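Secondary and tertiary structure notes
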Amino acid sequence: MVDGIDERFAEQVRALLQPPTPLQVQEYYHNLLTERQIRGLKVKQNVETGKGVYADLDFAEEDVVLKDQMLFGIQHSYNKMDCFVCSFCFRFIGSIEIQIGKQLYFQSLGISMDIEDHNGTCSHASKASCWSNSSDDEGTVGAGDSDSSEGCAPSILGEINPLPIEVVESLMNGELRLPLSGKFALPSVVPCPGDCGEAYYCSESCAKADWESFHSLLCIGINSKSLCRQALKQFVEHANETNDIFLLAAKAIAFTILRYKKFKPAHCEEIKDSAVSTSTNLSVLLEAWKPISMGHKKGWWNCIGEPDDISKLERKELALTSLQFLREAMFDEEFGALFTLEIYGHIIGMFELNNLDLIVESPVEDYIQFITDLPDQKKKEVEKDIRPVLNALGEDYTNLCRGTAFYPLQSCMNHSCCPNTKAFKREEDRDGLATVIASRLIHKGEEITISYINEDLPYEERQELLADYNFTCKCSKCVRDQSHTDV
C-alpha cells in the first residue's frame, strides 16, 4: 500500500524510526528516574534482551519496586458509561451519587456495558494484561435481569426494581444525597478548558496538564486548537467503532507536536538563525519524539497479537482510514512525518507490544461495603433510603475503570515465567499509576522481571503466547519445563 505522504517524508521517517543508541537509552532513563525521584532502579541495555530494568538496591518481598506514571493512556469508550473519571490521572470524580446515577442513566437508554459486547473497541493486546487486585418500562431505570448469585453486599440487595428517571436525574445533578456518602468524598468535577463536554478532570492542574500535553489538539470543543473539529469528531467515531487504540496513537502524535512547538523557539534562539532549515526542524522533531523513540516498536500490521482475525492489508487499510481523518484535523507540513502511515503504524505497534491494562477500582464498592458492615440498627436506619437505588443496580453494582496505557519504565521490564515482581493494585492505589510489587527478595544488581502472560499455563501454551512478542523465553522455568517435555 503506497501512500503519497509516506514517500514525501521518507527520510524523516527513517530518522524517527532509527533505534536509540545504548548511550542515548542510558541518558534518557537516568534523567527520567531522576526527574521522577525514583530510587533503587536503573535501566540498562544489552545485546540479547534489549532494554532491561535492574535493582540498584535490595527489595524485600512485597516492597513497592515502582510506581510508574503513564506516558499515554485512555479509558475505553464503553467504560465511560460505567465510570466517571479524570481524563488525565483516571481518579474517580464527582460523587458516589453521580457514579451510580450515570450507570443507571445509561442503562435506561438500553446501552450495554458488557465488555464482551465491545470487542471492537478493545481489540488490542496488553502486556501483563491481568492486574491483580484486591430495557424496562418507559420512564424507569433498572439493571435488567441478573442471574448472578454472588454479591458483595447481599444483605442489603433485594429484588431488582427500576427507579423513576426523575430520581436518576436527581442523583446525577446532586439534588438527591445517599446516606453516609459524604464519607467517600470524591474530587469535584473540573470541565475541559476547550468546552468539549467529553473530558473532565479532578483538578485544575490535571486539566492544565492534559491540555498542554495532548488535549488542546484533540479537543472537539469551541476552544480546540485542531484545524477541523468535524474531522476530529469523525476520527473519534471511527476509533470507537473499530479500535480505540487509534485514540492513544493520536495522543502520541499530539504530544510530539506540542513538544515540538515548545522546543522550537529555544532551539532557534540557540543557533541565532531565524531562517530555520529543514535539518534544523528535523533535529527539533527528533528531540520532541525522544520519549516515543525509546519504546520497542514495529508496524501494527506485523504484530501477531489481537486482532488476529484480520489480514495485514486489512489492518493497514483500517489504520489509513483512521489516519486520513487525523490528517484533516491536525496535519502540518512542518512535522508531516508524524502523519505517515509508517509512523502511525509503528506507534500503534508500540502500544500493541508494550501496553498494560489500565484499571482503577470504583469507590462505589467501598461505599456499599461500608453500608453492609454497619451495625444492624444503623443499617436499618439507612436501608430504607439506599435499598431502592441498590435494587435498581442489581448484584452487578460496581465497575472498574478500564482502559489501556503505555508506561515508560514498566515497558522496559523484560518477561520471565518466574518473575520477581507483579503488577498489583493495592487498596490505596486509586489512580492510573502502574504499581509493581516485589514477589520475592530481589538483590541489588538483579534484573527486575514481570510476566507478560499467565505463567501458570503449560510450557507449550506459554511459548505460543510469547510468540506475539517475537522471542522464545529461556527463563529457568522454561528451561526446566522444556527438558521435561523433551524427555
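The sections below set out a description of the structure shown in this document. (Residues numbered from 1 in each chain as written. Predicted model: local features only at pLDDT ≥ 70, side-chain atom pairs only at ≥ 80, totals over all residues. Heavy atoms only, no water.)

**Let's talk about the overall build of the chain**
The helix and strand tally for the chain stands at 15 helices and 15 strands. As displayed, the chain offers around 22900 Å² of accessible surface, 49% of which is attributable to carbon and sulfur atoms. (Helix = DSSP H or I, 4+ residues; strand = E, 2+ residues; numbered from the N terminus. Areas by Shrake-Rupley, 256 points an atom, 1.4 Å probe, with all protein chains shown as cover.)

**Quick notes on the sheet that holds strand E15 (residues 447-450)**
The strand order across the open sheet formed by four strands is E1-E2-E15-E12, and the pairing between neighbours is mixed. Of all strands in the sheet, those bounded by a partner on one side alone are strand E1 (41-46) and strand E12 (414-415). Inspection of the sheet shows strand E2 (residues 50-55) paired to E15 by two bridges, in the antiparallel sense. Paired with Val 53 across the bridge in E15 is Ile 448. The sheet strands contacting helix H3 (residues 22-35) are E1 and E2, and the helix crosses E1 at an angle near 170 degrees. (Pairing = 2+ DSSP bridges. Contact = heavy atoms within 4.5 Å. Axes fitted to C-alpha atoms, helices over the stretch in contact; angles between N-to-C directions.)

**Things to note about the nonpolar core**
Counting residues in each nonpolar core, the largest one holds 52 residues, and the members touching the most others are Phe 72, Met 330, Tyr 344 and Phe 351. Discounting residues that sit within four places of it in the chain, Phe 72 has contacts with Phe 214, Leu 248, Lys 251, Ala 252, Phe 255, Ile 292, Phe 351, Thr 404, Ala 405 and Phe 406. Grouped together as the second largest cluster of nonpolar side chains are 33 residues, Ile 38, Ala 55, Cys 417 and Ile 450 included. (Core = buried A, V, L, I, M, F, W, Y, C linked by side-chain atoms within 4.5 Å. Buried < 20%, exposed > 50% of the residue type's maximum accessible area, 1.4 Å probe, protein only.)

**Comments concerning the environment of Gln 75**
The topology assignment puts Gln 75 in strand E4 (residues 72-75). Overall, Gln 75 belongs to the buried group, its relative accessible area being 9%. Considering only alpha carbons, one finds Gln 75 and Ser 87, twelve residues apart in sequence, at a separation of 7.8 Å. In contact with Gln 75, not counting residues within four places along its chain, are Lys 80, Cys 83, Val 85, Phe 90, Cys 401, Arg 402 and Gly 403. Within the structure, Gln 75 has its side chain in polar contact with the side chain of Asn 79 (distance 2.9 Å). (Polar contact = N/O pair within 3.5 Å; in protein donor to acceptor, adjacent residues only side chain to side chain.)

**Here's the deal with the packing of helix H4 (residues 96-108) against helix H12 (residues 363-372)**
To describe two helices that pack against each other, one gives the angle between their axes and the distance between the axes. At a minimum axis distance of 10 Å, the contact between H4 and H12 shows a crossing angle of 110 degrees. One finds that H4 runs roughly perpendicular with respect to H12. For the pair formed by H4 and H12, the contact residues are Ile 96, Gln 99 and Ile 100 on the first element and Pro 363, Val 364 and Tyr 367 on the second. Of the residues in the contact of H4 with H12, the class split is five nonpolar, one polar and no charged. (Parallel < 35°, antiparallel > 145°, perpendicular 65-115°, else oblique. Nonpolar A, V, L, I, M, F, W, Y, C, P; charged D, E, K, R; others polar.)

Keep in mind these numbers describe shape, not what the thing actually does.
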